[in-house]
Amino acid sequence: MIEPRYLAVLDPRHSGAAEALAGGRPGAIPLEPFHRSARMTVLTAPGTPALIGEDGGILIGRLFRKSRSGAIDTLAPSIAATRGQALIDDYWGDYVCLLEPPGGSGLVAIRAPSGMLQAFRIRRGPVTYLVSHIEIALDYGLIAPVIDWQFVAHHLAFLHLRTARTGLARVDEILPGEALETGGAASTRRGLWSPWRFAAPERRIVAADKAAQIVSDAVRAAVENLVSPMERVLLELSGGLDSSLLAAALSQAGRTVVALNLSTPDPGADERDYARAIAGHCGIALHEARISDDIDLTMQVSSLLARPGLPAMLHSADRRFEALAREQEAAAFVSGTGGDCVFCSLGSATPATDHFRAHGPRPALVGILHDLATLHRTNIWTVTRLMMRQIRRGKPALRWRRNTAFLAHDRLPAVPDDHPWLEEPDHVLPGTRAHVRAIMAAGAHLDGYGRQETAPSLYPLLAQPVVEACLRIPTWLWVQGGYDRAVARAAFRQSLPETIATRRTKGAMDAFCARVFDANRDRLKPFLLDGMLADAGLLDRTGIETYLARPFGNRDAHFYELLPIVDTEAWARGVAASA
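Each residue is numbered by its place in its chain's sequence as written, counting from 1. Given that the model is predicted, a residue must reach a pLDDT of at least 70 before its local features are reported, and side-chain atom pairs must reach 80 or more before they are shown or counted; all residues, however, enter totals for whole chains, interfaces and linings. Each side-chain value is derived from all of the structure's non-hydrogen atoms; neither hydrogens nor water enter the calculation.

### Topic: the overall build of the protein chain
Applied cut-off: Strands are runs of DSSP state E lasting at least two residues, helices are runs of H or I lasting at least four, and both sets are numbered from the N terminus onward. Here the globule rule reads 2.2 Å times residues to the power 0.38, and the radius of gyration is calculated from C-alpha atoms. Throughout, exposure labels follow a simple rule: accessible area from a 1.4 Å probe, protein chains only, divided by the maximum for the residue type, with under 20% read as buried, over 50% as exposed, and the rest as partly exposed. Two residues form a contact once any of their heavy atoms are found within 4.5 Å. Here, Shrake-Rupley sampling with a 1.4 Å probe gives the accessible areas, and only protein chains in the shown set may cover a residue.
Helices and strands together make up the secondary structure of the protein chain, namely 21 helices and 17 strands. In summary, the protein chain has a C-alpha radius of gyration of 24 Å against a globular reference of 25 Å for 579 residues, a match within 12%. For the C-alpha atoms alone, the extent of the protein chain along its principal axes is close to 70 × 55 × 50 Å. Within the span of the protein chain, comprising 579 residues, buried residues form 57% of the whole. Relative to all contacts within the protein chain whose residues are 6 or more apart in sequence, the contacts with residues 24 or more apart total 71%. Here the protein chain has roughly 23500 Å² of accessible surface; of this, 51% comes from carbon and sulfur atoms.

Here you go:
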């Protein structure tokens, strides 16, 4: 199975743009006609799942009904009749849906709330082109690779915030859960899915047992449906809670699972004992490998990407997964990415603040303060003081934290670009706000993996039903008993070995990352100071030069602030090389 690939031509004025489309470049993955009408043409790569509705609607990807298991093989008329709202309310999946609503009005393109399948947009006059991969747009002559330096400044200033803008000039994208309506001369964006709908107080689940049940049902349904056509998958098994509960759900879904655990020479990052425990418990074949620390952080990105993707620090791990998938003939990768975010692992006192604001100073608040003190290994007085500070502070002034480390402050935007999920309801609880923003941030780190050329990546914990279920659970239930992700632990307690279910520690890659960075310091100096970002005036060259020149024996954490700049420079050079 390959990643879905498509090119859609939305031509509301019947200009014949699809017929005039240039052929793909030699060596590119071929696209074949899937659907043609007067106003819409869709090309897909062999093996790309897609279906056609009776009303002419097209869905690329896979679709599931919320009310039962199993993939959908046709589009209900209600989807076009509601201009896509029924698709969001009654179904879920990884898809892009194209509609020609009744009455001859504009065309509609909808991207699934999960956002796994991308929808990059290029406009040429009245015609809109949508592609799953930027390289398709390049193959068909729709773009020239030109960097949008305003995007680069925004990307570095507001880390982990992905908006509709991309790093390539004249290319943007449909956001997850968004509908794009185009009639030719103009287009409009309409949000069909919002996290705030599920985080609303009237939908809140306050009973711990019910919360655990809906999380269990959602995760198991997501896993079962996503892996349903595949006989063999490769699980990224760290030994932590998120990957372990996926191992349990996969084994119960009856699929053949191969797992890979990666370790480093540093004891703090060695979680093999935990991975062995869950693999043995679930009857999963476990492979183990050590990550090489011989990583060149200045290596140029090999493929054209719309934005900086996989961090260079993870390239070695990515290659290990790709090699094992080829050897084992795995049909997909399964990852617990996003679990910390979806399962509301907050490193603050906000759960207590949320409970106080929702219910006032009730006796139950004392138990939540104790839970937080246990979780963060401190005392109840410290947590209480932090809670009171949050209560007095009120709503934060910043919509998204602005980063300035090692950057030229005056060249950075003062406020982030618009994103519909940043428009929050009045009086939203601070922990709920942090929960939503963590989920937003998780969605910014799913692409750019080389392994996805071999097989698609599945992220069950970011599936729409799982996210919707978790948003309904108040933050104070997620810390019950002094554990982080407490609801998820309770949901899978009977399916996990005790050593995993009650584990409080987590492996740390800090020593490994520091060693890799230190080994790269000499090559990073010319790479950054004489690079494209420096030429664009975005860097604090003096600050970077000073930091790279000083002894790194104490391994301070400031190098983490430099790594996004390094990855962005490598991406920019890759774009320039594609021109």
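### So, the domain arrangement of the protein chain
Applied cut-off: The source of the domain bounds is an automatic or database domain assignment. Defined here as a combined quantity, buried area equals the accessible surface (1.4 Å probe) lost by two parts on assembly, summed across both. Salt bridges, as used here, are contacts in which a Lys or Arg side-chain nitrogen is within 4 Å of a carboxyl oxygen on Asp or Glu. The definition of a polar contact used here is a pair of N or O atoms within 3.5 Å, where within protein one atom must be able to donate a hydrogen and the other to accept one, and adjacent residues in sequence count solely through side-chain atom pairs. Gly counts as polar in this scheme, as do all residues outside two lists: the nonpolar Ala, Val, Leu, Ile, Met, Phe, Trp, Tyr, Cys and Pro, and the charged Asp, Glu, Lys and Arg.
Segmenting the protein chain into domains produces domain 1 (6-192), domain 2 (194-509) and domain 3 (510-578). The C-alpha centroid of domain 3 is placed 36 Å from the C-alpha centroid of domain 1. If you look at the interface, domain 1 gives 13 residues, while domain 3 gives 11 residues. Overall, the association of domain 1 and domain 3 removes approximately 910 Å² of surface from exposure, summing both partners, and the carbon and sulfur fraction of that is 89%. The largest share of the area that domain 1 buries against domain 3 comes from Ile147, Trp149 and Leu156, three residues that together contribute 50% of it. The interface formed by domain 1 and domain 3 contains 0 salt bridges. Put simply, domain 1 and domain 3 have 0 residue pairs in polar contact (both at pLDDT 80 or more) between them. By residue number, the principal contributor to the side of domain 1 that touches domain 3 is helix 4 (residues 149-157), which donates 6 residues. Class assignment for the residues of the side of domain 1 that touches domain 3 results in 11 nonpolar, 2 polar and no charged.

### Quick notes on the packing of helix 6 (residues 208-226) against helix 7 (residues 241-252)
Under the convention used in this document: A fitted line through C-alpha atoms serves as each axis, taken over the contacting stretch for helices, and the angle formed by two N-to-C directions is quoted from 0 to 180°. By the definition adopted for this analysis, an angle is roughly parallel if under 35 degrees, roughly antiparallel if over 145, roughly perpendicular if from 65 to 115, and oblique otherwise. For any pair of crossing helices, the crossing counts as left-handed if the nearer helix is rotated counterclockwise from the farther one by less than a right angle, and right-handed if it is rotated clockwise.
Between helix 6 and helix 7, the least distance of the axes is 9 Å, while the angle of their chain directions is 60°. The pairing of helix 6 with helix 7 is recorded here as oblique in orientation. Where helix 6 crosses over helix 7, the handedness of that crossing is right-handed. Judged by residue contacts, Val219, Arg220 and Val223 of helix 6 engage Leu245, Leu246, Ala249, Leu250 and Gln252 from helix 7.

### Comments concerning the pairing of strand 7 (residues 107-111)
To keep it simple, the criterion reads: Here, a strand pair is defined by DSSP locating no fewer than two bridges between the strands.
Burial of strand 7 is extensive: 5 of the 5 residues sit out of reach of the surface. Burial of the side chains of strand 7 extends over both faces: Leu107, Ala109 and Arg111 are buried on one face and Val108 and Ile110 on the other. Here strand 7 pairs with strand 11 (residues 178-182) via 4 bridges, running antiparallel. When the bridges of strand 11 are listed, Ala109 appears paired with Leu180.

### A closer look at the sheet that holds strand 14 (residues 256-263)
The strand order 15-14-13-16-17 describes an open sheet built from 5 strands, whose pairing is parallel. Among the strands making up the open sheet, the edge pair consists of strand 15 (285-290) and strand 17 (457-458). As judged from the 5 bridges shared by strand 13 (residues 232-236) and strand 14, these two strands associate in the parallel manner. The residue bridging Glu236 from the neighbouring strand is Leu260, located in strand 14. Packing of helix 9 (residues 315-328) onto the sheet brings it into contact with strand 13, strand 14, strand 15 and strand 16 (332-334), and relative to strand 14 it is tilted by some 150°.

### With respect to the environment of Cys282
Considering the arrangement of structural elements, one finds Cys282 in helix 8 (residues 272-282). Separated by 211 residues in sequence, Cys282 and Ala71 have C-alpha atoms that sit 26 Å apart. Excluding its chain neighbours within four sequence positions, the residues that come into contact with Cys282 are Ala247, Ala248 and Ser251.

### Side note on the side chain of Arg39
Along the chain, the position of Arg39 falls in the loop between strand 2 (32-36) and strand 3 (40-44). Within the structure, the side chain of Arg39 is placed 3.4 Å from the side chain of Glu100, a separation counted as a polar contact.

### Concerning the environment of Gly448
By secondary structure assignment, the location of Gly448 is in the loop between helix 14 (430-442) and strand 17. Spatially, the C-alpha atoms of Gly448 and Arg307 are 8.7 Å apart, while their sequence positions differ by 141 residues. Setting aside anything within four residues of it in sequence, one finds Gly448 in contact with Leu305, Gly309 and Leu310.

### Some thoughts on unusual backbone geometry
In most cases, non-glycine residues show a negative phi, while peptide bonds are predominantly trans. With a phi close to 60°, Cys344 is a non-glycine residue in the positive phi region. Residue placement: Cys344 occurs in the loop between helix 10 (339-342) and helix 11 (350-359). Residue classification places Cys344 among the buried positions, given a relative accessible area of 3%. Positive phi, normally seen in glycine, also occurs at Arg377, with a value near 55°. Taking the relative accessible area as the measure of exposure, Arg377 reaches 66% and is therefore exposed.

### Looking at the packing of aromatic side chains
Condition: Pairing of aromatic side chains here covers Phe, Tyr and the six-membered ring of Trp, requires ring centres within 6.5 Å, and sorts the geometry by plane angle: under 30 degrees stacked, over 60 edge-to-face, intermediate tilted. For a Lys NZ or an Arg CZ to count as sitting over a ring, it must be within 6 Å of the ring centre and within 35 degrees of the ring normal.
In the structure shown here, the tally under the stated rule is 9 aromatic pairs. Plain terms: the ring middles of Phe406 and Tyr547 are 5.4 Å apart, the flat faces sit at 55° to each other, and that makes the pair tilted. Taken together, the positions of Phe406 in the loop between helix 13 (380-393) and helix 14 and Tyr547 in helix 20 (residues 541-549) put the pair 141 residues apart, joining distant regions of the chain. For the pair Phe406 and Tyr547, one class covers both residues: buried. A cation over an aromatic ring shows up here: Arg451 above the ring of Phe333, its NZ or CZ 5.6 Å from the ring centre. Over the ring of Tyr483 we find Arg504, and its NZ or CZ is 3.8 Å from the ring centre.

### A closer look at the sheet that holds strand 4 (residues 50-52)
Strand order in this open sheet of 6 strands is 4-5-6-7-11-12, and the pairing throughout is antiparallel. Edge strands, defined here as strands with exactly one partner in the open sheet, are strand 4 and strand 12 (187-191). The sheet shows a mean angle of 35° between the axes of neighbouring strands, direction not considered. The sheet contact formed by strand 6 (residues 91-99) and strand 7 spans 4 bridges and is antiparallel.

### Quick word on the pattern of salt bridges
Taken as a whole and assessed by the stated rule, the structure comprises 38 salt bridges. Notably, a salt bridge pairs Glu173 with Arg111, separated by 3.1 Å at the nearest N-O pair. With a gap of 62 residues between them, Glu173 in strand 10 (residues 172-173) and Arg111 in strand 7 connect regions that are remote in the sequence. Across the pair, Arg111 and Glu173 agree in class, each one buried. A single salt-bridge network, built from bridges that share partners, covers Asp242, Asp340, Asp484, Arg485, Arg489 and Lys506.

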